[in-house]
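What follows is the residue order along each chain.
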Amino acid sequence: MKHQIVIIGAGTAGITVAAQLLLKDKNLDIAIIDPASKHYYQPAWTLVGAGTYNFESTERSMSSLIPKGAKWIQEYVEDVLPDENAVVLKDGARIEYDYLVACPGIQIDLDGIDGLKETMGKNGVCSNYVDPNYTWQVLQEFKGGTAIFTQPATPIKCGGAPQKIMYLADDYWRKKGVRNDSDILFITPGSVIFGVEPFASTLMKVVDRKGLQLRFFHKITKIDGENKRVFFDIVQPFEKISHLCYNYRDVDESDVVQGHASMKFDMLHLAPPQSAPDFIKRSKLAFHDGPSKGWINVNHFSLQHNDYPNVFALGDAAALPTAKTGAAVRKQAPVVVENLLHLIEKQGAISEGYQGYSSCPLVTGYGKMVLAEFNYAGERDSDPLISKFFDTSKELYPMWILKKYGLPYLYWNLMLRGKA
Ligand SMILES: Cc1cc2nc3c(=O)[nH]c(=O)nc-3n(C[C@H](O)[C@H](O)[C@H](O)COP(=O)(O)OP(=O)(O)OC[C@H]3O[C@@H](n4cnc5c(N)ncnc54)[C@H](O)[C@@H]3O)c2cc1C
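This structure is a prediction, so every number in the text was calculated from the model and none was measured.

Caption draft 1: Expanded view of the overall build of the protein chain. For the protein chain, the count of helices and strands is 10 helices and 22 strands. Taken over C-alpha atoms, the radius of gyration comes to 22 Å for the protein chain, in line with the 22 Å a tight globule of 420 residues would show. By principal-axis analysis of the C-alpha atoms, the protein chain measures approximately 65 × 45 × 35 Å. Put simply, the protein chain has 420 residues, and 46% of those count as buried. Long-range contacts, defined as pairs at least 24 residues apart, comprise 68% of the intrachain contacts of the protein chain with a sequence gap of at least 6.

Now the structure itself:
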């Protein structure tokens, strides 16, 4: 079987690219390969985890979203053979292409932390990346004690999500009256909670106002779910553990030694380790060594593959030095579409129009949000229209309304239809 354009993955990126292509030229022959029968609006999982959004509202059937005119092949891609312009499916079928768009998202690696797989979804160990309904259950059942929110050492999708749920949990526990009996810690292998100003300064004020504790240079390595203990490698030499912390208070860390620490928890939220899907890692599309190992090797600005000019990649699986978000996909998709049409029509120049835009809607409580937008240079890149009316580096109620109502509407009705 052969198609002019094959798209791997019918997630945010795959559907958006297919819809935009077909709006430009309805005669294109496009096949989208994805085994999933459901498509999720994942950004709302943060709100689901905090009990302010229904999980069911984040879900639509895949068949309702595949653009009219595209063919959906409901199967896993097992191998990509770019030298042969072909992909091989799990059922053994071989699909050939003239052009390939690879956007199979990111893989959640529960094996990446000792004991995680066994305890995820039990013992107060939860993740909005895996089951936000269980996060909400854990938040409701929490009666005080130590609540730990962690970030892994790998790249993840939506780097802000691990801290957003902490801010919401703090707010919820204050309303419920258990906050005074609690320690809330955010534990990260990094050295800051957010890398871009002025958003970082706003977030540090939120941390102070809420009395949250931060631990830096802590890489989570193991979870003992039954005994409710979590273990870390400390990746920076230290004299006193408090030197690697902000708002330090001892939380039963008696066994801190050089290089290691462990803590008791009453609830633990994780962003699990993540990586490119295995079939990508072993394919010729991926980097095979270096810091981008496993991710798809594309030009950062044109999203065209660096070895195979008829291949493009975007979304979470692409090796792009910016935050992996749906908002980034919204700016990447038009560049991929323009460049694909340029190759097909054999006119115009390849556009290097993607400048690394990504954004993170940092919910800091029920009814409050900071909208962090930035680019490859690590500079603020706020939307000029919104910025006329609001300073999005501040916690604002209108931004919360945007997150809860505006962005889901934009996603389902405009972006996935190729119109935004
Ligand atoms: C808790 C959470 C909060 C988030 N918050 C935000 C936010 O506030 N703002 C924001 O912009 N983004 C947010 N994101 C990130 C956003 O959802 C992703 O960055 C975005 O969906 C990436 O799009 P994608 O198309 O690359 O991957 P996805 O949308 O994940 O789609 C990948 C698709 O590929 C398919 N696939 C996988 N393997 C194969 C295979 N072998 N063969 C064929 N198909 C395959 C999958 O079934 C899936 O349909 C959040 C994510 C999470 C989990």
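Resuming the write-up.
Caption draft 2: A look at the packing of helix 1 (residues 12–24) against helix 8 (residues 326–345). Relative orientation of the contacting elements helix 1 and helix 8 amounts to 40°, with a least axis distance of 9 Å. Accordingly, the angle class assigned to the pair helix 1 and helix 8 is oblique. Relative to helix 8, helix 1 is oriented so that their crossing is right-handed. Residues Thr12, Ala13, Thr16, Val17, Gln20, Leu21 and Lys24 of helix 1 lie in contact with helix 8, whose contacting residues are Gly326, Val329, Ala333, Pro334, Val336, Val337, Leu340 and Leu341.

Caption draft 3: Spatial organisation of the sheet that holds strand 14 (residues 218–224). With respect to topology, 3 strands assemble into an open sheet ordered 14-15-17, the strand pairing being antiparallel. At either margin of the open sheet sits one strand with a lone partner, and together these are strand 14 and strand 17 (260–264). On average, each strand axis in the sheet is inclined to that of its neighbour by 25°, with strand direction left out of account. Examined bridge by bridge, strand 14 and strand 15 (residues 229–234) share 6 bridges and lie antiparallel to one another. Across the sheet, the residue bridging to His218 is Ile234, located in strand 15.

Caption draft 4: Summary view of the nonpolar core. Counting residues in each nonpolar core, the largest one holds 126 residues, and the members touching the most others are Ile296 and Ala313. Two domains each put at least three residues into this core: domain 1 (2–106 + 276–359 + 403–417) and domain 2 (111–273). In this structure Ile296 touches Ala102, Ile280, Leu285, Ala286, Ala313, Ala317, Ala318 and Ala319, once residues within four positions along its chain are discounted.

Caption draft 5: Geometry of the site of the ligand. Surveying the vicinity of the ligand reveals 36 residues, the closest of which are Gly9, Gly11, Ala13, Gly105 and Gly315. Of all the secondary-structure elements, those providing two or more residues to the shell around the ligand are helix 1, helix 2 (45–49) and helix 8. For the shell around the ligand, the residue count by class is 21 nonpolar, 11 polar and 4 charged. Per-domain counts for the shell around the ligand show at least three residues from each of domain 1 (2–106 + 276–359 + 403–417) and domain 2 (111–273).

Caption draft 6: Spatial organisation of the sheet that holds strand 12 (residues 182–187). An order of 10-18-11-12-13-16 is seen for the 6 strands of this open sheet, with the pairing classed as mixed. Only two strands of the sheet have a single neighbouring strand rather than two, namely strand 10 (125–126) and strand 16 (245–246).

Caption draft 7: Spatial organisation of helix 8. The terminal C-alpha atoms of helix 8, which comprises 20 residues, lie 28 Å apart, in line with the 28 Å expected from a rise of 1.5 Å per residue. Of all the bends in helix 8, the greatest reaches close to 30° and is centred on Gln332; the proline Pro334 follows between one and four positions later. Looking one or two residues past helix 8, Lys346 carries a phi angle of roughly 55°, positive in sign.

Caption draft 8: Geometry of the pairing of strand 6 (residues 77–81). Bridge count for strand 6 against strand 7 (residues 86–89) is 4 bridges, and the pairing is antiparallel. Across the sheet, Leu81 pairs through a bridge with Ala86, a residue of strand 7. Between the end of strand 6 and the start of strand 7, which pair antiparallel, lie 4 residues, with Asn85 showing a positive phi angle near 50°.

Caption draft 9: Seen up close, the domain arrangement of the protein chain. Split into domains, the protein chain comes out as domain 1 (2–106 + 276–359 + 403–417) and domain 2 (111–273). Summarising the inter-unit geometry, the C-alpha centres of domain 1 and domain 2 are found 32 Å apart. Across the contact, 12 residues belong to domain 1 and 15 residues belong to domain 2.

Caption draft 10: Spatial organisation of unusual backbone geometry. Residue Pro198 follows Glu197 across a cis peptide bond; omega there is 5°. Here Pro198 lies in the loop between strand 12 and helix 6 (199–210). Phi is positive for Asn123, close to 55°, though the residue is something other than glycine. Within the fold, Asn123 resides in the loop between helix 3 (116–119) and strand 10.

What counts as what
Residues numbered from 1 in each chain as written. Predicted model: local features only at pLDDT ≥ 70, side-chain atom pairs only at ≥ 80, totals over all residues. Helix = DSSP H or I, 4+ residues; strand = E, 2+ residues; numbered from the N terminus. Rg over C-alpha atoms; globule rule 2.2 N^0.38 Å. Buried ≥ 20, exposed ≤ 12 C-beta atoms within 10 Å, placed from the backbone. Contact = placed C-beta atoms within 7 Å. Axes fitted to C-alpha atoms, helices over the stretch in contact; angles between N-to-C directions. Parallel < 35°, antiparallel > 145°, perpendicular 65-115°, else oblique. Left-handed = near helix turned anticlockwise from the far one by under 90°. Pairing = 2+ DSSP bridges. Core = buried A, V, L, I, M, F, W, Y, C linked by C-beta atoms within 7 Å. Domains from an automatic or database assignment. Near = placed C-beta within 6 Å. Nonpolar A, V, L, I, M, F, W, Y, C, P; charged D, E, K, R; others polar. Expected span 1.5 Å × (residues − 1). Bend = angle between axes of the 7 residues up to and from the residue.

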